[in-house]
Amino acid sequence: LDSLHLEIRMSDNKEMPRLDAGLQGELMKGANLKPTESNEKNVLPSAEDLKQEKTHQNILTGIEGFKADGLKPTETKEKTVLPNPSDIQAEKTHQGLIQGVESFSSEKLKNVKTREPQSPTAQYGVEKARDSSLAAVTGFDKTNLKKSETMEKNPLPAAEAIAQEMEHIKFKSGIEDFDRTKLSHAETVEKNSLPTKEIIAEEKSLN
């Protein structure tokens, strides 16, 4: 502050800008600052950080020192995998479907009329008729019905009809179960008998 005061005094005789009276008074006063101590902190890295840094340095060293001359030459071979028969058949089926759809003629279609849903008025009429029918069935008076007796009829065939049916069944069974091996061999003899004298005379008399 003394040197600053001295410089201010020396500057009075020179062509220098003058300080403000208030600022000059503040500078002339002593500064009442509290003494403080500076503590420098140096945080050391942990063991995990050192390990990661060492691994990173080893990788970089390995990459920088790698020699491409040690690589063996290789040839790339392209392999085309052929589809199996099932895949070929599935592809043919798919292609056939696509071709069928693309070549389909809409002229072969039949004209179909779409049934339109009932209007709310018609639907209400149907529901009202159904409710009326249910109400009529529910409120029906069974006492107005007449008593009736059910007679079951199961007419049995007469004895004569049963006998004829049995004979018919035996006849059919005899034909179906007939053993042709029991037949004896026979020869057919054709006979052409001539008329007698009496027949001839009678024939002449009639003529």
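All values reported here derive from a predicted model rather than from experimental measurement.

Visitor: Looking at this structure, how should I read the overall build of the chain?
Guide: A count of helices and strands for the chain gives 7 helices and 0 strands. Sequence-ordered secondary structure for the chain, helices as α and strands as β, is α-α-α-α-α-α-α. With 207 residues in all, the chain has 1% of them scored as buried. Of the roughly 22,800 Å² of accessible surface on the chain, 55% is carried by carbon and sulfur atoms.

Visitor: Can you walk me through helix 3 (residues 47-64) in this structure?
Guide: Residues spaced three or four apart along an α-helix point in a common direction, a consequence of the helix completing one turn every 3.6 residues. In this model, helix 3 (18 residues) spans 26 Å end to end at C-alpha, consistent with the 26 Å of a helix rising 1.5 Å per residue. Counting buried positions along helix 3 yields 0 of 18 residues, so the element is predominantly exposed.

Criteria and cut-off values
- Residues numbered from 1 in each chain as written.
- Predicted model: local features only at pLDDT ≥ 70, side-chain atom pairs only at ≥ 80, totals over all residues.
- Heavy atoms only, no water.
- Helix = DSSP H or I, 4+ residues; strand = E, 2+ residues; numbered from the N terminus.
- Buried < 20%, exposed > 50% of the residue type's maximum accessible area, 1.4 Å probe, protein only.
- Areas by Shrake-Rupley, 256 points an atom, 1.4 Å probe, with all protein chains shown as cover.
- Expected span 1.5 Å × (residues − 1).

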